[in-house]
Amino acid sequence: QVQLTESGGGLVQAGDSLRLSCAVSGLAFSTYAMGWFRQAPGKEREFVAALNWSGDGTSYADSVKGRATIFRDNAKNTVYLRMDSLKPEDTAVYYCAARPPGRMGYAKEGNYDYWGQGTQVTVSS
């Protein structure tokens, strides 16, 4: 059974930093690209960041460029998202997802086959 488990969310103040983790099991993790998406109340799920299988190619949404860093540790089957200078508008449920080998389109939800249940990030002003 494929499992993606996010952790690290919580309540923080504007300007703070946070590191989210996503532990993956039941998957050939090192061969999959990974992504982070988020969904705020009343809004559609949106792309946040993506990382290729080798960990040397990253992409970020304009809303988080300069503030977000995605990275992975294949030895731990874990992908991370570090967010700096958090803003109230970053408040959302953050999801990690896995994109199979050969699947192109890092910002498209439909290209990711496996998803975690999400971790809540709340940023207060």
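Presented here is an overview of the structure given in this document. The structure presented is a predicted model; accordingly, all values stated were derived computationally and were not measured.

A few points about the pairing of strand β9 (residues 92-99)
Move 1: Across the eight residues of β9, seven count as buried, placing the element largely inside the fold.
Move 2: In this structure, strand β4 (residues 33-39) lies alongside β9, joined through seven bridges in antiparallel fashion. Looking at β9, one finds that Gln 39 is bridged to Val 93.
Move 3: Sheet topology note: the β9/strand β11 (residues 119-124) ladder contains three bridges and is antiparallel. For Tyr 94, the partnering residue across the bridge sits in β11 and is Thr 119.
Move 4: Relative to strand β10 (residues 114-115), β9 runs antiparallel, the two sharing two bridges. Paired with Ala 97 across the bridge in β10 is Trp 115.

Observations concerning the side chain of Arg 99
Move 1: With respect to the element layout, Arg 99 can be found in strand β9.
Move 2: Buried and unpaired, Arg 99 has Asp 113 as its nearest opposite-charge partner, separated by 9.5 Å.
Move 3: A polar atom in the side chain of Arg 99 sits 3.0 Å from the backbone oxygen of Arg 103.
Move 4: Engagement of the side chain of Arg 99 in a polar contact is seen with the side chain of Tyr 112, the distance being 2.7 Å.

Scoring rules and cut-offs
- Residues numbered from 1 in each chain as written.
- Predicted model: local features only at pLDDT ≥ 70, side-chain atom pairs only at ≥ 80, totals over all residues.
- Heavy atoms only, no water.
- Buried < 20%, exposed > 50% of the residue type's maximum accessible area, 1.4 Å probe, protein only.
- Helix = DSSP H or I, 4+ residues; strand = E, 2+ residues; numbered from the N terminus.
- Pairing = 2+ DSSP bridges.
- Lys, Arg positive; Asp, Glu negative; His and termini not counted.
- Salt bridge = Lys/Arg side-chain N within 4 Å of Asp/Glu carboxyl O.
- Polar contact = N/O pair within 3.5 Å; in protein donor to acceptor, adjacent residues only side chain to side chain.

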